[in-house]
Amino acid sequence: MTYKAVLCGCGSMAKGWLRALRDTPNLSDSVTVVGLVDIDRLAAEALAAEFGLAGVAIDTDLETMLRRTSPDLLFDVVVPSARRAVVAVGLAHGCHVLSEKPMATSIAEARELRALADRADRLHAVVQNRRFIAGVRRIRRMIEENALGRLTGLHCDFFLGPHFGGFREEMDHVLLLDMAIHTFDAARFMSGKDPLAVYCHEYNPPGSWYRHGAAANAIFEFSDEVVFTYRGSWCAEGGPTSWESAWRIVGTKGTLLWDGADRFEAKVVAGTDGFLRAVEPVSVPPASSEADTHGHASVLQSFVAAVRNGSRPETDGSDNIKSLAMVFGAIDSARDRRRITIAA
């Protein structure tokens, strides 16, 4: 079965979506983009030309486009402030909707979108493409297999200095709301635990080219006595980490280090004597499914498969709201300067 799709929001992020749809065989065979929508018609026309979408419908109004093309799927790639309206219109027109992150601009709004999706009997899922990479999947498997013993902590550093320009540099809580959700979602996924509470300090370092909140430190309490700590900055130049952060995963038997790219180092206790116990290296297993390691393409494949099978994809809003709750819990904690209980 081939599904018709409309893509709303034709900025630079949309190119990653269209590349995945074009270059992934089982996506190119099962999804046809029939319409592009953007408030700037020229942006939509330029995107259509770049990707050779001859004959694709173009409009500046989403509702008009949906009436015109009657698509099965809506790909929502708009700025966060426009998400609620776009998702609501798509669901009202009978579309299954896949959105860029964040899922919503507040937990109340996210709950509203969950209710709208349930009433429409349609899916609303979120592109958390950074959990669909080999490193994250390998760590998830290692934790599940108890190779490090009982999990006690996940700790990560995220330090980069990107100069985006545009809306990000004017956002409130730019690091927490626009980027940290990837890392928070990865921690929740790798650990298999639920977030319970958070204490966070958010700040904008001297020299920051962002208007607000380019850096943050957070301590999360997860279920089963697991702790997750996050140190991050988007205005830290000179010693960058990976976009996936640099990680230390600690269990009762040993520790795994991951640089967020290709380097893993895992060691477990090998002896019972000595002030510091002897350790030995252990291998990190491959991902349980290679198909889940292709980033954006894997998210899209999971979404389309769920539509076809009548199931919920891994990043369905009913799950992703927990990662969003971590973000807003951290924001509330930073504002109120106190520990915040997380409730999705």
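Residues numbered from 1 in each chain as written. Predicted model: local features only at pLDDT ≥ 70, side-chain atom pairs only at ≥ 80, totals over all residues. Heavy atoms only, no water.

On to helix α10 (residues 317-336). Between its first and last C-alpha atoms α10 spans 27 Å; for 20 residues at 1.5 Å apiece the expected length is 28 Å, and the two agree. Counting buried positions along α10 yields 14 of 20 residues, so the element is predominantly enclosed. Immediately downstream of α10, the backbone of Arg 337 shows phi near 55°, a positive value. (Helix = DSSP H or I, 4+ residues; strand = E, 2+ residues; numbered from the N terminus. Expected span 1.5 Å × (residues − 1). Buried < 20%, exposed > 50% of the residue type's maximum accessible area, 1.4 Å probe, protein only.)

All right, on to the sheet that holds strand β9 (residues 215-222) then. Read from one edge to the other, the open sheet built from 9 strands follows the order β14-β13-β12-β11-β7-β10-β9-β8-β15, with strand pairing classed as mixed. Looking at which strands have only one partner, the edges of the open sheet turn out to be β14 (279-281) and β15 (340-341). Alignment of strand β8 (residues 195-203) against β15, held across 2 bridges, turns out to be antiparallel. Among the inter-strand pairings, Ala 197 is bridged to a residue of β15, identified as Thr 341. In the packing of helix α7 (residues 134-144) onto the sheet, the strands contacted are β7 (151-159), β11 (246-251), β12 (254-258) and β13 (264-269), and the crossing angle to β12 comes to about 175°. (Pairing = 2+ DSSP bridges. Contact = heavy atoms within 4.5 Å. Axes fitted to C-alpha atoms, helices over the stretch in contact; angles between N-to-C directions.)

A few words now on the sheet that holds strand β2 (residues 31-37). With parallel pairing, the 6 strands of this open sheet are ordered in space as β3-β2-β1-β4-β5-β6. In the strand order of this sheet, the two ends are held by β3 (57-59) and β6 (124-126), each with one partner. On average, adjacent strands in this sheet sit at an angle of 25° to one another, irrespective of strand direction. Pairing between β2 and β3: 3 bridges, direction parallel. Its bridge partner lying in β3, Val 37 is registered against Asp 59. The sheet strands contacting helix α9 (residues 296-309) are β1 (3-8), β2, β4 (73-76), β5 (96-99) and β6, and the helix crosses β5 at an angle near 165°.

Turning our eyes to something else, we now look at the environment of Glu 145. Structurally, Glu 145 can be placed in the loop between α7 and β7. When the C-alpha positions of Glu 145 and Met 65 are compared, they lie 48 Å apart, and in sequence the two are 80 residues distant.

On to the environment of Ser 99, then. Looking at the secondary structure, you find Ser 99 in strand β5. The class of Ser 99 is buried, set by a relative accessible area of 0%. With 91 residues separating them in the primary sequence, Ser 99 and Cys 8 have C-alpha atoms 9.7 Å apart. Those residues in contact with Ser 99 that lie beyond four places of it in its chain are Trp 17, Asp 76, Arg 83, Val 87, His 124, Ala 125, Val 126 and Val 127. Within polar-contact distance, the side chain of Ser 99 engages the side chain of His 124 at 2.9 Å. (Polar contact = N/O pair within 3.5 Å; in protein donor to acceptor, adjacent residues only side chain to side chain.)

On to helix α3 (residues 41-50). Where α3 is concerned, the buried positions are Ala 44, Leu 47 and Ala 48. Buried residues in α3, looked at end-on, bunch into an arc of 100°, giving them a common side. When the buried face of α3 is taken as reference, the exposed residues oriented beyond 90 degrees from it are Leu 42 and Ala 49. For α3, the N-terminal cap is Asp 40; the gap from its side-chain oxygen to the backbone nitrogen of Leu 42 is 3.0 Å. Gly 52 sits one or two positions beyond α3 and adopts a positive phi of about 65°. (Arc of directions from axis to C-beta.)

Okay, the UniProt feature "domain: GFO/IDH/MocA-like oxidoreductase" (unreviewed entry) in the protein chain next. Under the UniProt annotation, "domain: GFO/IDH/MocA-like oxidoreductase" (unreviewed entry) lies at residues 136-256. The annotated region residues 136-256 carries 22% helix and 35% strand content, and the separation between its end C-alpha atoms amounts to 12 Å. (UniProt positions renumbered as here; feature names shortened; annotations may be inferred.)

Attention shifts here to the nonpolar core. By size, the foremost hydrophobic cluster in this structure holds 81 residues, and its most contacted members are Phe 220, Phe 228 and Trp 247. When residues of this core are assigned to their parent elements, the largest contribution, 12 residues, is made by helix α8 (residues 174-191). Once residues lying within four places of it in the same chain are set aside, the contact partners of Phe 228 are Leu 154, Cys 156, Thr 183, Phe 184, Ala 187, Ala 218, Ile 219, Phe 220, Phe 222, Trp 247 and Met 326. In terms of nonpolar packing, the next biggest core, distinct from the first, is built from 34 residues, Tyr 3, Leu 27, Ala 48 and Leu 300 among them. (Core = buried A, V, L, I, M, F, W, Y, C linked by side-chain atoms within 4.5 Å.)

Right, let's talk about the UniProt feature "domain: Gfo/Idh/MocA-like oxidoreductase N-terminal" (unreviewed entry) in the protein chain for a bit. Per the UniProt record, the feature "domain: Gfo/Idh/MocA-like oxidoreductase N-terminal" (unreviewed entry) sits at residues 4-123. As a span, residues 4-123 carries 48% helix and 19% strand, and end to end its C-alpha atoms are 15 Å apart.

Where side chains of opposite charge bring their charged atoms close, a pairing between them can arise. Scanning the model with the defined rule gives 32 salt bridges in all. Note that Arg 312 is salt-bridged to Asp 316, the shortest N-O span being 3.0 Å. We classify Arg 312 as partly exposed; its relative accessible area is 48%. Among the charged side chains, a salt-bridge network with shared partners connects Arg 131, Arg 137, Asp 185, Arg 188, Asp 292, Glu 314 and Asp 319. (Salt bridge = Lys/Arg side-chain N within 4 Å of Asp/Glu carboxyl O.)

It is the contact of α7 with α8, at a shortest axis distance of 8 Å, that shows an interaxial angle of 35°. Where α7 approaches α8, its residues Val 136, Arg 137, Ile 139, Arg 140 and Ile 143 are matched on the opposing element by Ala 186, Phe 189, Met 190 and Ser 191. For the contact of α7 with α8, the residue count by class is 6 nonpolar, 1 polar and 2 charged. (Nonpolar A, V, L, I, M, F, W, Y, C, P; charged D, E, K, R; others polar.)

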